[in-house]
Amino acid sequence: MQIHTTAEPELDWQKQALCAQTGSEFFFPEPGSSVREAKYICQLCEMRTACLEYALANDERFGVWGGLSEKERLGLRRG
């Protein structure tokens, strides 16, 4: 008897994330631009928690991840 285990890859959540279906310009805007649209999309996304956990674990310093901006994630890391 053979037992098969299927471990989900660490980044499997990205395929299901709403940001994968929209343009990256929302999530990586020009400096000083609004991130309101990105945050709105993140609020609707079921992968938001996995995205934020990934960003924090990998020290993502640019863009909106898990509904938080660079400054907001920095505040979480410091807090």
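Residues numbered from 1 in each chain as written. Predicted model: local features only at pLDDT ≥ 70, side-chain atom pairs only at ≥ 80, totals over all residues. Heavy atoms only, no water.

You will see that aspartate 59, though not glycine, has its phi angle at about 50°, which is positive. Position of aspartate 59 among the secondary structure elements: in the loop between α3 (48-57) and α4 (70-78). (Helix = DSSP H or I, 4+ residues; strand = E, 2+ residues; numbered from the N terminus.)

Let's shift gears to the environment of glutamine 16. As for its placement among the helices and strands, glutamine 16 is situated in helix α1 (residues 13-16). For glutamine 16, a relative accessible area of 47% corresponds to the partly exposed category. Considered as a pair, glutamine 16 and glutamate 46 are 30 residues apart in the sequence and their alpha carbons are 8.2 Å apart. (Buried < 20%, exposed > 50% of the residue type's maximum accessible area, 1.4 Å probe, protein only.)

This part takes up the state of the cysteines. In protein structure, a disulfide is the covalent linkage between the sulfur atoms of two cysteines. Per the counting criterion, the structure on display carries 0 disulfides. Cysteine 19 carries a free sulfur, and the closest cysteine sulfur to it, the one in cysteine 51, is 5.7 Å from it. Relative accessible area serves as the criterion here: at 32%, cysteine 19 is assigned to the partly exposed category. (Disulfide = S-S within 2.5 Å.)

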